[in-house]
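Here is what each chain is made of, one letter per residue.
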Amino acid sequence: MPNHPKSLPFQLEGDPPKFHAIRRDWFGTTLGATPSFRVVVGAETLSLFATASKSPTSTPGSAPGTFYEGLWENDVAELFLVNPDTGCYLELHTAPNGTWWSCLFDEPRVRAEVCNEPLPGAVPAGVEGVNSWQASVTVPLASLPAALAFDPARTRANVCFCLGSEPQQVYASYAFLGTGKPNFHQPDLWLPLRRARR
């Protein structure tokens, strides 16, 4: 039986960078691309850093630094954060070419009845190499939706990757979400945040 993680590691701003790999895809197959992530909580910001050792496939029509929906159709890293009291959650994406996206949900796959505009002050970045890519997005804590009530001591979270594109797209989740059809939108199975050991 695989040893599934019980918490999702994060770092504080200023901690030595430490990435965490996801070694198996949704179906338990060992990943050659080795996607890795780093979540950082600062005094005023929240950041997601992501890497993968594969040729990047960015979403057609997206442009560096822009807010673009549909990144999940190609390479993307996704951070999910849920308010455990209400089930309201935020989905935050970063892609190899520096594109990003976010959306607030009231419940699984039900978008909040608010204007899901880009979070003010978000700073995306991306580096597309020949056989690897890096991406990140940093968001001011003040820009996170109030309904999320973000608190590292209480918020539950998950990081997922979509790699490649259909029909050969690969899906990977840090938290174990089951073995059926890939579905990242399962906040009841997301993990408590835990500060990573230095």
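Residues numbered from 1 in each chain as written. Predicted model: local features only at pLDDT ≥ 70, side-chain atom pairs only at ≥ 80, totals over all residues. Heavy atoms only, no water.

(A) Highlighting the pairing of strand S9 (residues 123-128). In this sheet, strand S10 (residues 133-140) lies alongside S9 in antiparallel orientation, the contact comprising six bridges. Note on S10: the bridge partner recorded for valine 127 is glutamine 134. Between S9 and S10, which pair antiparallel in sequence order, lie four residues. (Pairing = 2+ DSSP bridges. Helix = DSSP H or I, 4+ residues; strand = E, 2+ residues; numbered from the N terminus.)

(B) Looking closely at the packing of aromatic side chains. Summed over all chains, the structure comprises 11 aromatic pairs. Their ring planes at 65 degrees and their centres at 5.4 Å tell us that tryptophan 72 and tryptophan 101 sit as a pair that is edge-to-face. Placement of tryptophan 72 in the loop between strand S4 (45-52) and strand S5 (76-82) and of tryptophan 101 in strand S7 (residues 100-107) is noted, with a sequence separation of 29 residues between them. When its relative accessible area of 30% is taken as the criterion, tryptophan 72 is described as partly exposed. A ring pair is formed by tryptophan 133 and phenylalanine 161, whose centres lie 6.4 Å apart and whose planes are at 45 degrees; its orientation type is tilted. (Phe/Tyr/Trp six-rings, centres within 6.5 Å; stacked < 30°, edge-to-face > 60°. Buried < 20%, exposed > 50% of the residue type's maximum accessible area, 1.4 Å probe, protein only.)

(C) A look at unusual backbone geometry. Along the chain, glutamate 166 connects to proline 167 via a cis peptide bond; the corresponding omega equals 10 degrees. Within the secondary structure, proline 167 sits in the loop between strand S11 (156-163) and strand S12 (170-173). Although it is not a glycine, threonine 34 adopts a positive phi angle of roughly 45 degrees. In this fold, threonine 34 is placed in the loop between strand S2 (20-21) and strand S3 (36-41). The exposure class of threonine 34 is partly exposed, given its relative accessible area of 29%.

(D) Representation of the environment of tyrosine 171 within the structure. Structurally, tyrosine 171 can be placed in strand S12. The exposure class assigned to tyrosine 171 is buried, which follows from its relative accessible area of 19%. The contacts of tyrosine 171, once residues within four sequence positions are left out, are Asp25, Trp26, Phe161, Cys162, Glu166, Pro182 and Phe184. Polar contacts involving the side chain of tyrosine 171 include one to the side chain of glutamate 166, which spans 2.6 Å. (Contact = heavy atoms within 4.5 Å. Polar contact = N/O pair within 3.5 Å; in protein donor to acceptor, adjacent residues only side chain to side chain.)

(E) Representation of the pattern of salt bridges. Enumeration according to the criterion identifies four salt bridges in this entry. The closest approach of N and O atoms between lysine 54 and aspartate 75, which form a salt bridge, is 2.8 Å. One end of the pair, lysine 54, is in the loop between S4 and S5; the other, aspartate 75, is in the loop between S4 and S5, and 21 residues separate them in sequence. Each member of the pair lysine 54 and aspartate 75 is classed as buried. Its salt-bridge partner being aspartate 85, residue arginine 154 comes within 3.0 Å of it at the nearest N-O pair. With arginine 154 in the loop between S10 and S11 and aspartate 85 in the loop between S5 and strand S6 (89-94), this pair connects stretches of sequence that are 69 residues apart. (Salt bridge = Lys/Arg side-chain N within 4 Å of Asp/Glu carboxyl O.)

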